[in-house]
Every structure is written in structure tokens, then in C-alpha cells.
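Close look at the chain arrangement
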Amino acid sequence: ATLHRLWPEIEKVVKQEVAMAKLGVGESGTGWQLFAEDGEMRMYRREEEVDGMVVDPLKAVHVVKGITGRELCHYFFNPQYRYDWETTLEHMNVLETISEDTLIFHQTHKRIWPASQRDVVFWSHLRRLPNDQDRDGPDIWTVVNNSTEHPDHPANAGKCVRIFLTVCLLCQTRVDPPKAGAPVSRDDITCKITYCSVVNPGGWAPASVLRAVYKREYPKFLKRFTAYVKNQTKDKPIMY
Ligand SMILES: Cc1cccc(-c2n[nH]cc2-c2ccc(F)c(-c3ccc(S(=O)(=O)CCO)cc3)c2)n1
């Protein structure tokens, strides 16, 4: 895939997004405001508008036990599972398979009244990264989704308004060593998840409606997705 036309952009965006995801939400001064909490899950946003449109960057952090970062990224990246956990998905199509870890998707999502229905075209890249904190710990895994153009689906050619997004799911796994001689079980595994997203709605949508949708949909998505992966992996060997 290194010879593909998108490779330089993928390398650049993945490095940028991973660096951003690793930054904590820091002290309250950094503009991130906590807007939702549920157990270990914390959702932060920054209120930003571009050309009068809400593009609020989102950063969600969550800690889940019993699954690894590789397993989370496997179920997030692979198209065959998406209808199981992405509740707002109306239609999904893989436009191009660039390599086994890089796909191009077209997706239409359910309409958010009173705005028009949205669709999106994005490349999706799955990447394993060395664990820079704990050298002999499990690797870090990430999936980056970034809007792109594709000749088969020009923007705003049909009934949908094209949205533009950059999403990064970054997962860092920790194994707490079990009692001497005991095998590692899922009870010994913890995964720290960072989900970053910037979505440009691509056309008019009332700020109040968008912020209400984000407030409702992001927590629902992260809870549902992590519960889905726990359920899918509970009786399977651990994938690191
Ligand atoms: C989780 C969430 C947050 C904010 C809005 C909504 C939502 N509600 N009704 C319609 C949508 C909607 C419209 C267009 C979109 F592109 C996506 C969209 C969201 C996430 C991703 S992803 O890349 O994180 C996961 C792949 O689907 C892609 C598209 C979602 N859902």
C-alpha cells in the first residue's frame, strides 16, 4: 500500500491524529469542556464554528476491562461488523480495498430532523504502534478515518449533504500480571480508549440541533460499541 496515491496523506494524518489523541485533556484551561460522564467514560468537546457551522472537536476517553486495543480496533475497522454496532448507519459500501489495513468507505446515515440526510466518504486505516510508555507492554492500536474524495461518489451529487470528518480511535492495553504461574485471563486486561472526532456537517444544520445530537449520540456510540466488543470476544482467545 506504500505505492498507493493516498499513502503520503495517510501517513501524515495518522501521525497527527495519534499525537493529538495522546495529548491529555489537560487542565481545564485548554478549552476542553467535560459534557458527559458515565462510569469510566468522559466526553469532552471544544465549541468551534467554521463558516457559521458547528464543528466542535470531540475527545472521549474510556477505560474498559476484559478486551484489548487490537480487538477494539479489529471490530471498529472491519466492515462486516459495522451494522451490528453503528446504530445511525443506513447504508455502507467499501469503494476500494487499498490493502488489508486500508479501505475506502461510502456511508449514508439516518437523517437528523430538520437537517438533510448526510453521507460521507472516508479512507480508514488500521495501524499497530509501539507502546512508548511500557516497552515490553502490548502494542498500541489505532484506526484513523479521514474524509476523502472518490470518483464514484462526488460530494452533494445526490440527495445527501456530504459531511467531512476525521476520527481517531486510539487504544492502549495494560496487562496486570496474574498470580505466579497463572495464565493471563481477560480479568487481567484493561484498555484505555481515546476517541477523537471532528465533523464538519457540510451544510446548514442548526447549532442547537447538532450539539444536542452529539451530546446524545457520542456517549451512546461508545457505550454500545465497547459492550459489543466485550460480548463478541468474551469466549474467544485474547488477541493482543
Ligand atoms: C456517533 C454519532 C456522532 C454524531 C452524529 C451521529 C449521527 N446521528 N445520526 C446520524 C449521524 C451521523 C451522520 C453522519 C456521519 F458521517 C456519522 C458518522 C459517525 C461516526 C463515524 S466513525 O468513523 O466514527 C465510525 C464508522 O461509522 C462515521 C460517520 C454519523 N452519530
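Residues numbered from 1 in each chain as written. Predicted model: local features only at pLDDT ≥ 70, side-chain atom pairs only at ≥ 80, totals over all residues. Heavy atoms only, no water.

Two side chains that carry opposite charge are able to pair once their charged atoms sit near each other. Using the criterion set out here, one finds 17 salt bridges in the structure. Asp132 is the salt-bridge partner of Lys22, the closest N and O atoms lying 2.7 Å from each other. Of this pair, Lys22 sits in helix 1 (residues 7–22) while Asp132 sits in the loop between strand 8 (118–129) and strand 9 (140–147), and the two are 110 residues apart along the sequence. On the basis of relative accessibility, which here comes to 37%, the residue Lys22 falls in the partly exposed class. We classify Asp132 as partly exposed; its relative accessible area is 49%. (Salt bridge = Lys/Arg side-chain N within 4 Å of Asp/Glu carboxyl O. Helix = DSSP H or I, 4+ residues; strand = E, 2+ residues; numbered from the N terminus. Buried < 20%, exposed > 50% of the residue type's maximum accessible area, 1.4 Å probe, protein only.)

We now examine the confidence of the model for the protein chain. Chain-level statistics for the protein chain give a pLDDT mean of 95 and a share of 98% at 70 or above. As scored by the predictor, the complex reaches a pTM of 0.97 and an ipTM of 0.98. (pLDDT = per-residue confidence, 0-100.)

For the ligand, the set of nearby residues contains 20 residues, the closest of which are Glu86, Gln107, Asn145, Ile163 and Tyr195. The side chain of Gln107 places a nitrogen or oxygen atom 3.1 Å from an oxygen atom of the ligand. Contact distances for the ligand include 2.8 Å between an oxygen atom and a side-chain N or O atom of Tyr195. Within the complex, 95% of the 610 Å² of free accessible area of the ligand lies under protein. With five residues, helix 4 (residues 207–233) is the largest single contributor of residues to the shell around the ligand. Looking at the shell around the ligand residue by residue, the class counts come to twelve nonpolar, four polar and four charged. (Near = heavy atom within 4 Å. Polar contact = N/O pair within 3.5 Å; in protein donor to acceptor, adjacent residues only side chain to side chain. Areas by Shrake-Rupley, 256 points an atom, 1.4 Å probe, with all protein chains shown as cover. Nonpolar A, V, L, I, M, F, W, Y, C, P; charged D, E, K, R; others polar.)

Met43, Leu72, Phe76, Leu169, Tyr195 and Phe225 are the most contacted members of the largest nonpolar core, which totals 45 residues. Counting residues per element, this core draws most heavily on helix 4, which supplies nine residues. Ignoring any residue separated from it by four or fewer positions in sequence, one finds Leu72 in contact with Val64, Ile67, Leu169, Cys171, Cys191, Ile193, Phe225, Thr226 and Val229. (Core = buried A, V, L, I, M, F, W, Y, C linked by side-chain atoms within 4.5 Å. Contact = heavy atoms within 4.5 Å.)

Among the twelve residues of strand 8, eleven are classified as buried, and the element is accordingly described as predominantly covered. Here strand 7 (residues 102–109) runs beside strand 8; their pairing, made up of seven bridges, is antiparallel. Opposite Leu103, over in strand 8, you have Ser124 as the bridge partner. Here strand 8 pairs with strand 10 (residues 161–162) via two bridges, running parallel. If you follow Arg118 over to strand 10, its bridge partner there is Val161. Relative to strand 9, strand 8 is paired through eight bridges, and the arrangement is antiparallel. (Pairing = 2+ DSSP bridges.)

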